[in-house]
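# Coordinates in review
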Amino acid sequence: MMRGISSDLASFKTLTFRPGLNILLADKSEGATDRQSRNGAGKTSFVEMVHFLCGSNAPKDSIFRTPALIDSTFEIIMDVGDDEYSIARSGKKPSTIILNGPAENLPIEPKFIEDEGHYEISNENWKATLGACWFGLDAVPKPDDKNTPTFRSLFSYFARRQGSGAFQTPVQHSRLQQLWDQQVAISYLLGLDWRIASDFQRLRDKEKIVKELGRAARSGGLGTIFGRAADIRTRLAVAERKIERLSSRLKSFQVINEYRELQEEANGITSRINKLGEENFIDQGLIDDLKASLVEEQEPDLSDLGKLYEEVGVVLPDMVRRRFDEVKVFHRTIIENRRSHLTSEINSASQRIQERERAQSDLDARRQQIMDFLQSGGALEQYTAMREELGRAEAEVESLRQKLTAAETLESSRAELDIERARIVQALRDDVHERQDIVNEAIVTFEELSEALYENAGSLTIDATANGPSFEVKIEGQRSKGITNMQIFCFDLMLLELSNRRGRSPGFLIHDSHLFDGVDERQVAKALQLGADRAAKHGYQYIVTMNSDVLPNDGYRPDFDVRSYILDTTLTDATETGGLFGLRF
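Everything numeric in this text was worked out from a predicted model, so none of it was measured.

Time to look at the environment of Pro552. With respect to the helices, strands and loops of the structure, Pro552 is situated in the loop between β12 (541–547) and β13 (571–572). When sequence neighbours within four positions are dropped, the list of residues in contact with Pro552 reads Glu521, Val524, Ala525, Leu528 and Val562.

Next comes the structure, spelled out in C-alpha cells:
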C-alpha cells in the first residue's frame, strides 16, 4: 500500500493516500492543454515520481534532473513486504536511495549512515529488494540468467506510463517492450511457468541466427565462409587428393646438392649436340656437292678433233700428232688427279660426320644419365617449395573441413530447431493444461470485470501457440480507442487481483488520466465504481489521476459517492503554483 508522497521542495503538494480507491483530481482551466507546459498540473508527473522512487532510471532528460528539481529530495511512504518504509531519492544523487524502516527485514541489507541517521542502498539493490519483496524474485539474480522476469518490467504493469506508450494494448506496458518480455512477465504474474516463455525466446534467437546465416550463405554475403555442403564436400575431396600426390612426391624426393651444376652441364651438352648436328649438316652438304662434281669430271673425246682436221683436208704433221697425244695423256692425268682429290674430300667429310655422330651419341648418353639423376630428386629450394605447397594444401583441407562442418550444422539445424520448437510447444500445452485452474481464474475474472462495464462481456483467451503463450483480450467494439482503454482497465485489474492473491504485486494499481481518454462518461463512472468495489473486496489500492472536466457526476449507483474518494490535495493548471510541484519548468 502507498501511504503518502512528499518533498523538501517548499512548493510541493504533499499527497496522502487511503486504502481502496484514491482519485488525484486536477482542475483543468478552460482552453488549457497538456502541452502548455512541461508538467501541466502534474498528474503524469505523479506517475513518473512513483517510478522514480521505485528504481527507474534517471537519465539527463529526467524531470528530476532539471535545474528546478535536481536539488530537491522526494519521499514516498509505502509498505514493502509486511513493513512500512520511507524511501527518498534526489536527482542530484539518483544512484542512492535513502531508507528509514526495519532494515533487518529486507533481503538486501542497506548501509546505516550514522551521521545522517538513516540507511542508504544503491538504486540497483533497491530494485532487487522490491523485486524480492513484492514479486518473489531472487534478490541476487544469477548472472547467466537471460530472458527472466525483472522488477521494472513487472512493476510497469501496475503503473503504466503514457510517455512509454503504455496505453496501446493490454499486454504491452511499453511500445519498446519485446514479445518475450510480455510473455515472461504476464506468465509470471498469472502463475504460469514463465520459463517456457523464456525457452521460446532462446529458440527465436537461435532461429534468427540460423536464418541470417542461411540468407548470407545463399547470397554470398559471407564470401567463402559458408556454402552448400555438397559443393564444399567436392572441393574437400579434390584438395585431399592433392595432398596425397604431394606427400607421395615428397616421400620419394632426394635433395641433390650439385643440382644446379648438373642442370648447367645438361644444358651445355644439349648445346654441343646441337652444334655437332649443325656441323654434320654442313659436311653432308659438302659431300653431296663433291659427289656431283665427281660425276661431272669426264675425260674429253679427242677423236672428234682429229676427224675435224681430216674433213677440212688438213694433214697434221707427225710431230703435231705426237704433241696431241701427249696433251691427251696430260689431260687424262689431270682428270684422274681431280677425281682422286674429290674422293679424298668425300672420305674426309664422311669420317668427320662419323666422328661427330659418335660424339653426339656419347653426349646424349651423358645427358640422359644426368636427366635420369635429376628426375629422381631436385634442389633443396625445390624441396622446400614443395613442402610449403603441401602446407598450404593441408591448411586448405582443414579450412574446408571446418566449413563443411559449419555448412552441415547450418543445414541440419533447421530440423533440430523444428524439433525443439515442437518440444517447447508441447511443454507449454502441458503447462496450460496442468494449470487450468489458474487459466480459468484469469478468464472468469476478466469476464466479470468487463461484464460490469458492458452488456456483452469481454473475453480473455490464453492459448499455447507455436510462438509461445498468447494472451488475447476482446471486448465488443474494440476498434474504438475508448474500448481499447477499457480492455487495459479490465486486464490490469485482473492482473492485480490474481497476482495479489499469490503475493506477487505491490498491492496497488495506478492509472493515469490518459486511460480514460475517449471513454464514454458512463463507462468512466462504471470503471471508477468497479475499481472502488474490487479494491475494497480484494484488499488492494487503486489510484487514479483525472481531470475534473472528465470526472462523471452521474452514472453511479445511489450509495456510491465518488467525491469521497478524491484526495484532499487537488491540483490545477490555472495558476503557476497550482501543479504538483508548485512551479512551472
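Past the structure itself, the notes keep going.
You can see Met371 is positioned in helix α9 (residues 318–375). Between the alpha carbons of Met371 and Ala266 there is a distance of 7.5 Å; along the sequence they are 105 residues apart.

Enumeration according to the criterion identifies 25 salt bridges in this entry. Notably, a salt bridge pairs Glu84 with Arg3, separated by 3.0 Å at the nearest N-O pair. Separated by 81 residues along the polypeptide, Glu84 in strand β5 (residues 83–90) and Arg3 in strand β1 (residues 2–7) bring together distant segments of the chain. The class for Glu84 is partly exposed, based on a relative accessible area of 44%. Across the salt bridge formed by Lys474 and Glu472, the nearest N and O atoms sit 3.8 Å from each other. A single network of salt bridges, built from pairs that share partners, joins Glu441, Glu448, Glu497, Arg501, Arg502 and Arg534.

This part is about the nonpolar core. Counting 119 residues, the largest nonpolar core has Met2, Phe46, Phe135, Phe489, Phe516, Leu528 and Tyr542 as its most contacted members. In terms of residues, this core owes the most to one element, helix α12 (residues 481–501), which gives eleven residues. Not counting residues within four places of it along the chain, the set of residues in contact with Met2 comprises Phe17, Phe46, Val50, Ile76, Ile77, Met78, Phe508, Ile510, Gln541 and Ile543. Counting residues in each nonpolar core, the second largest holds twelve residues, with Ala229, Leu236, Ala239 and Leu404 among its members.

Our focus in this paragraph is the packing of aromatic side chains. Taken as a whole, this structure holds 17 aromatic pairs when the rule is applied. Between Phe64 and Phe74, the ring centres sit 5.4 Å apart and the planes meet at 75 degrees, which makes this aromatic pair edge-to-face. In this pair, Phe64 is assigned in the loop between α1 (43–53) and β4 (73–80) and Phe74 in strand β4, connecting sequence segments ten residues apart. The same class applies to Phe64 as to Phe74, namely buried. Here the aromatic rings of Trp134 and Phe508 are separated by 5.8 Å at their centres, their planes lie at 90 degrees, and the arrangement is edge-to-face. Here Phe508 lies in strand β11 (residues 508–511) and Trp134 lies in helix α2 (residues 123–135), a separation of 374 residues in the sequence. For the pair Trp134 and Phe508, a shared accessibility class is recorded, and that class is buried. Ring-pair connections join several aromatic residues into one group, and the members of that group are Trp134, Phe135, Phe151, Phe155, Phe158 and Phe508. Taking the ring centre of Tyr188 as reference, the NZ or CZ of Arg504 above it sits at 4.0 Å.

Buried residues dominate α1, accounting for nine of its eleven residues. Taken residue by residue, α1 has Lys43, Ser45, Phe46, Val47, Met49, Val50, His51, Phe52 and Leu53 as its buried positions. Trailing α1 by a residue or two, Gly55 shows a phi angle of about 95 degrees, which is positive.

Each strand in a sheet pairs with another by means of backbone hydrogen bonds, the pair being arranged parallel or else antiparallel. Strands sit in the order β2-β1-β4-β5-β6-β8-β7 across an open sheet of seven strands; the sheet is antiparallel. In the strand order of this sheet, the two ends are held by β2 (15–16) and β7 (111–113), each with one partner.

Further remarks concern the sheet that holds strand β3 (residues 20–27). Read across the open sheet, the four strands follow the order β11-β12-β3-β13; overall the sheet is parallel. Either end of the sheet is taken by a strand with one partner, and the two such strands are β11 and β13. Two strands pair when backbone bridges link them, and β3 and β12 are joined in this way by seven bridges, in the parallel orientation. Residue pairing in the sheet places Asn22 in a bridge with Ile543 of β12. Taken strand by strand, α1 contacts β3, β11, β12 and β13, and its axis lies near 150 degrees from that of β12.

A word on the pairing of strand β8 (residues 118–122). Pairing geometry for strand β6 (residues 96–100) and β8, over four bridges, is antiparallel. Following the sheet pairing, Thr96 is matched in β8 by Ser122. Where β7 and β8 come together, three bridges link them in antiparallel fashion. Among the inter-strand pairings, Ile113 is bridged to a residue of β8, identified as His118.

Definitions and limits used
Residues numbered from 1 in each chain as written. Predicted model: local features only at pLDDT ≥ 70, side-chain atom pairs only at ≥ 80, totals over all residues. Heavy atoms only, no water. Helix = DSSP H or I, 4+ residues; strand = E, 2+ residues; numbered from the N terminus. Contact = heavy atoms within 4.5 Å. Salt bridge = Lys/Arg side-chain N within 4 Å of Asp/Glu carboxyl O. Buried < 20%, exposed > 50% of the residue type's maximum accessible area, 1.4 Å probe, protein only. Core = buried A, V, L, I, M, F, W, Y, C linked by side-chain atoms within 4.5 Å. Phe/Tyr/Trp six-rings, centres within 6.5 Å; stacked < 30°, edge-to-face > 60°. Lys NZ or Arg CZ within 6 Å of the ring centre and 35° of its normal. Pairing = 2+ DSSP bridges. Axes fitted to C-alpha atoms, helices over the stretch in contact; angles between N-to-C directions.

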